[in-house]
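Architecture and fold: a report
Letter by letter, the chains look like this.
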Amino acid sequence: MSERAGGPSEISLSAAIARFEAIVGAEHVLTSGEAFREFRDPFQPERWDTHTPSAVVQPESVEQIQDIVLVAGEYGVPLWTNSQGRNNGYGGAGPRLKGSVTVNLRRMNRILEIDDDLAYALVEPGVSFLQLYTALRDGGHRLMLSVPDIGWGSVVGNSLDHGVTYMAYGQDFMAPCGMEIVTADGGLLRTGMGGVPGNRSWNLYRRGLGPSLDQLFMQSNFGIVTKMGVWLQPLPEVVMPLTITAPNEDDIVQLVDTLRMLLLDGTVAGVPCIMNTPTAASMLSQRSDWYDGDGPMPDAVLDKVGRELGIGRWMMRLSLWGDSAIVDRKYEKLRAAFTSIPGVEVRGEKTTPEEARNLEHPSDRVASGVANLDLLGMAGWNGGTRGGHMDFAPVVPLLGAEVLRFIKKFRPMVEAAGLDFKSDIMAISARSAIYVSGSNFTFNDEEQAQRVYDTLQSLVREAGKLGYGAYRAHLSFMDLAAEQFSFNDHAYLRFVEKIKDAVDPAGILSPGKQGIWPAALRDRP
């Protein structure tokens, strides 16, 4: 875990905190106590403080953010912005640079607009998926939201970090459209058509006149997003969550190739997920229910878990939606395609979006666009209430042979460290997938936690040698992940550093995010 020196003197920091208290109110500036402790990596051992802020400031308006940014620039105080701060598995609410002042936007939680005719919402960064889902349901809007596995995260924050959701606009991260941003000089910018005052197409059209800027503010540290449009989809007549299971590890080749065909021809949409046995089992049980031995779970135990829970060695989750007759036709085609693979089973039933709220399995509810919190326990697969996870998440071509190649390379590396190899292959498009390999551990066990950190660093390095790049990185591995993008002497990183120097010359906004450091904190010339 690398640390970098940087930041203001104690005198400057104290003066800045006093100014922050004057802006937002002293009760909204945290420097100690339980509320403050929440803003660190929740899965780090207690004694580790690599990703700990010096203070947390919680504004409630754009104007307050502008004032905070100006004060930070005046005193040279680095700010680390998060929305809900629920980025667990990638560092949670902690800052990349120890001692940064966290700007947490939970108090900015207004749903500013829901448009039933054009099927979009305009939200502030403190709005969670569960909050927006509830507003749509209780407000009688005939619209649905593509949701992640756990509904407590920010719609804006999840989108800015390329977080995955599973229905129509989850595919290729299509939901965001149009942003408002506070820049490092305290200015205010609207992207795309939002540059025209009063323009009604701001949250409807992803481009503007000239370069499209929205992507510059995703996984970057060029500004603080204060509003974002999010596309919704009309409620369909029916929705059909499906579970597809396969009994053997090598079945992944045919599963992936069949899925790709169905995505390419439009039979399947959204973001199907293929989970191996430990990942699927963590939705329903804990590791200790099945195995208490040392080292990774043996294949014989994995086979037993797969049989008894009905999840096989691979479980695919996806959903179909639309008019009932069309869903029937798609299901017939899908079922015929997958059951042609020996041993594969397909299960699912049609329901309505309203009835989907009462589905027994929370995973089926997620696949049907129902936000919930019932999968929070997945982190406790190993360690229970002291269980955490860290994720290694490269992008792979959606080819069965390529995915199997990945498994054969990286499963032995993970198991050599005594860890279960967990897999969640998310088909983010018809041509590519994010391969999330999550390592579960007991986070108050320092030796085990260190072993996970060391193993994930090895995986990132080895993946880079094979031409795999991460789509998202834990705070402790952001620099390492960025190093793998080394084409033409790291031309990509050098280019974004030029943007950083131009738009944030003082380097106060989220230094180190995704390996993008201000000039004063770079290790290399």
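See the structure shown above.
Residues numbered from 1 in each chain as written. Predicted model: local features only at pLDDT ≥ 70, side-chain atom pairs only at ≥ 80, totals over all residues. Heavy atoms only, no water.

1. With respect to the environment of Leu399
- With respect to the secondary-structure elements, Leu399 resides in the loop between β17 (395-397) and α12 (400-416).
- In this structure the C-alpha to C-alpha distance between Leu399 and Ile252, which are 147 residues apart in sequence, comes to 9.7 Å.
- Discounting chain neighbours no more than four positions away, the residues touching Leu399 are Val256, Asp257 and Arg260. (Helix = DSSP H or I, 4+ residues; strand = E, 2+ residues; numbered from the N terminus. Contact = heavy atoms within 4.5 Å.)

2. Some remarks on unusual backbone geometry
- Of note, Asp172 is a non-glycine position whose phi angle comes to about 55°, a positive value.
- Even without glycine at this site, Asp489 takes up a positive phi of about 55°.
- Relative to the helices and strands, Asp489 is located in helix α15 (residues 487-503).

3. Things to note about the packing of aromatic side chains
- For the structure on display, the rule yields 12 aromatic pairs.
- Aromatic side chains Phe485 and Tyr492 sit 6.5 Å apart centroid to centroid with 35° between the ring planes, which places their arrangement in the tilted category.
- Connected via pairs of aromatic rings, a cluster forms that spans Phe392, Phe406, Phe410, Phe421, Tyr435 and Tyr468.
- One cation-aromatic arrangement involves Arg86 over Trp152; the distance from NZ or CZ to the ring centre is 4.4 Å. (Phe/Tyr/Trp six-rings, centres within 6.5 Å; stacked < 30°, edge-to-face > 60°. Lys NZ or Arg CZ within 6 Å of the ring centre and 35° of its normal.)

4. Things to note about the side chain of Gln219
- Considering the arrangement of structural elements, one finds Gln219 in the loop between β9 (188-190) and β10 (224-231).
- Apart from the residues within four sequence positions on either side, Gln219 is in contact with Leu160, Asp161, His162, Tyr471, Arg472, Lys513, Gln514 and Ile516.

5. Structural notes on the pairing of strand β6 (residues 120-123)
- Going residue by residue along β6, you find Tyr120 and Leu122 tucked away on one face and Ala121 and Val123 tucked away on the opposite face as well.
- Taken together, the four bridges between strand β5 (residues 111-115) and β6 define a ladder with antiparallel strand orientation. Within β6, the residue paired with Glu113 across the bridge is Leu122.
- Where β5 hands over to β6, the hairpin turn is made up of four residues, of which Ala119 adopts a positive phi near 60°.
- The pairing of β6 with β10 spans four bridges and is classified as antiparallel. When the sheet's bridge partners are listed, Val123 is paired in β10 with Met228. (Buried < 20%, exposed > 50% of the residue type's maximum accessible area, 1.4 Å probe, protein only. Pairing = 2+ DSSP bridges.)

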